Amino acid sequence: MSPESRPLQIAYSPCPNDTFVFDALAHGRVPGAPALDVTFADIDVTNGMAERGEFDVLKVSYAVLPYILGEYALLPSGGALGRGCGPLVLTREAADGGLTGRTVAVPSEKSTAYLLFRLWAADTQPDGVGEIVVMPFHEIMPAVRDGKVDAGLVIHEARFTYQNYGLHKLADLGEHWEAGTGLPIPLGAIVAKRSLGADTLRLLAESIHTSVHAAWQDPEASRPYVMEHAQEMDPAVADQHIGLYVNEFTSGLGEDGYAAVRGLLTRAAAEGLVPPLGPTALAFP
């Protein structure tokens with residue numbers, strides 16, 4: 001298949017980091033790049049799309065990689081890893097105790113946030129945690145505030161807004177991961193179907209890399225696209241979001257990025273949370 005034969009079907013979230021990264025590419029400002037047919041969907045939806053083999057290119061959670069790497073290849077650019085940007089466990093009361101026997105709301109059980117939560121719990125909650133309740137991420141902080149659940153696992157912009165709900169941080173799962181490994185936190189990955197062929201996969205990865213750098217060179221060019229899809233987010237919060245999640249690892253995973261991904265998924269497999277990775281599963285054509 002040549003990249004010119006049809007637009008590639010791609011799905012990514014409306015979050016500011018994704019729209020910032022893909023703005024130039026989605027709007028035809030990357031010379032020689034494949035055309036894209038863009039669908040917006042939250043990451044729990046794109047994870048399911050990937051497991052069903054839908055779409056050519058997807059933004060997914062790193063936690064879903066072990067289930068899809070037979071059909072999809074991990075691209076080395078466009079994803080989200082970072083430092084100081086991990087999920088938080090929130091409670092209604094300050095200096096809250098452990099989570100044994102207590103309900104915890106999570107946005108998904110197939111997410112990097114959930115893997116980090118289970119690995120943190122394995123290290124710090126010797127008697128385990130109580131019931132896990134899956135709910136849309138925007139409902140989690142109100143549910144904790146209103147006492148519907150005892151704790152909540154939150155991601156993304158909730159790092160900046162949880163105090164508005166009167167909530168308290170029980171744990172920063174990114175800090176726990178980084179202290180134990182020294183590696184960045186793997187959050188979101190860009191994957192593309194292996195059936196596109198090695199040439200198209202390489203062109204796509206190069207085009208995403210170029211799109212990232214175009215956004216860095218002229219941030220104002222991407223602002224209309226970012227704010228159009230930012231779901232009424234305050235522009236200052238959108239800028240914080242981009243600053244945290246678009247970084248050197250978005251440009252290219254590099255040695256530390258690949259080590260972080262393999263480290264997370266290897267440890268999660270050892271805990272029985274995901275299937276084990278093969279030795280070449282993360283290799284890029």
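Scroll up to find the structure this text is about.
Residues numbered from 1 in each chain as written. Predicted model: local features only at pLDDT ≥ 70, side-chain atom pairs only at ≥ 80, totals over all residues. Heavy atoms only, no water.

Participant: Hey, could you run me through the side chain of Glu178 in this one?
Facilitator: Counting through the fold element by element, Glu178 comes out in helix 7 (residues 173–181). On the basis of relative accessible area, Glu178 is assigned to the buried category, the value being 18%. Those residues in contact with Glu178 that sit more than four places away from it in its chain are Arg83, Gly84, Leu183 and Ile185. (Helix = DSSP H or I, 4+ residues; strand = E, 2+ residues; numbered from the N terminus. Buried < 20%, exposed > 50% of the residue type's maximum accessible area, 1.4 Å probe, protein only. Contact = heavy atoms within 4.5 Å.)

Participant: How do you make sense of unusual backbone geometry when you look at a structure like this?
Facilitator: Excluding glycine, residues mostly carry a negative phi; peptide bonds, for their part, are mostly trans. Its identity as a non-glycine residue notwithstanding, Phe55 has a phi of 75°, on the positive side. Here Phe55 falls in the buried class, since its relative accessible area comes to 16%.

Participant: How should the sheet that holds strand 6 (residues 88–91) be read in this particular structure?
Facilitator: The strands making up a sheet are joined through hydrogen bonds of the backbone, oriented either antiparallel or parallel. Spatially, the five strands line up as an open sheet ordered 8-7-9-6-10, and their pairing is mixed. Because the sheet does not close on itself, it has two edges, and the strands there are strand 8 (132–134) and strand 10 (168–172). For this sheet the average axis-to-axis angle between neighbouring strands, irrespective of direction, equals 30°. The sheet contact formed by strand 6 and strand 10 spans four bridges and is antiparallel. (Pairing = 2+ DSSP bridges. Axes fitted to C-alpha atoms, helices over the stretch in contact; angles between N-to-C directions.)

Participant: What's the story with helix 9 (residues 219–228) in this structure? I'm lost.
Facilitator: Each full turn of the α-helix corresponds to 3.6 residues, which orients residues three or four apart in the same direction. Buried within helix 9 are the following residues: Ser222, Tyr225 and Val226. Projected down its long axis, helix 9 shows its buried positions confined to an angular sector of 100°, all on one face. In helix 9, the exposed positions angled more than 90 degrees off the buried face are occupied by Glu220, Pro224 and Glu228. Contact partners of the buried residues in helix 9: strand 1 (8–12), helix 1 (16–26), strand 2 (36–40) and helix 10 (235–245). (Arc of directions from axis to C-beta.)

Participant: Would you take a moment to explain the pairing of strand 9 (residues 151–154) for this structure?
Facilitator: Note on strand geometry: in a regular strand, side chains alternate between the two faces of the sheet. Burial of the side chains of strand 9 extends over both faces: Ala151 and Leu153 are buried on one face and Gly152 and Val154 on the other. As defined by bridge partners, strand 6 adjoins strand 9 across four bridges and the pair is classed as antiparallel. Bridge assignment links Val89 to a residue of strand 9, and that residue is Leu153. Two elements, strand 7 (residues 104–106) and strand 9, share two bridges in a ladder whose sense is parallel. What sits directly across from Ala105, in strand 9, is Gly152.

Participant: Help me out: how do you make sense of the pairing of strand 11 (residues 185–193) in this one?
Facilitator: Within strand 11, nine of the nine residues are buried, which leaves the element mostly enclosed by the surrounding structure. As judged from the five bridges shared by strand 3 (residues 57–61) and strand 11, these two strands associate in the antiparallel manner. Bridging from a neighbouring strand, Val57 pairs with Ala192 of strand 11. Where strand 4 (residues 72–74) and strand 11 come together, three bridges link them in antiparallel fashion. Bridge pairing in strand 11 links Tyr72 to Lys193.

Participant: Teacher, can you tell me more about the packing of aromatic side chains here?
Facilitator: Here the distance between the centres and the angle between the planes together describe a pair of aromatic rings. Evaluation of the coordinates by the stated rule reveals five aromatic pairs. Between Phe40 and Tyr225 the ring centres are 6.1 Å apart and the planes differ by 55°, which places this aromatic pair in the tilted class. Of the two residues, Phe40 is situated in strand 2 and Tyr225 in helix 9; the sequence distance between them amounts to 185 residues. Take Tyr225: its relative accessible area is 8%, and that puts it in the buried class. What links up through ring pairs into an aromatic cluster is the set Tyr12, Phe22, Phe40 and Tyr225. One residue, Lys110, lies across the ring of Tyr67, its end atom 4.1 Å from the ring centre. (Phe/Tyr/Trp six-rings, centres within 6.5 Å; stacked < 30°, edge-to-face > 60°. Lys NZ or Arg CZ within 6 Å of the ring centre and 35° of its normal.)

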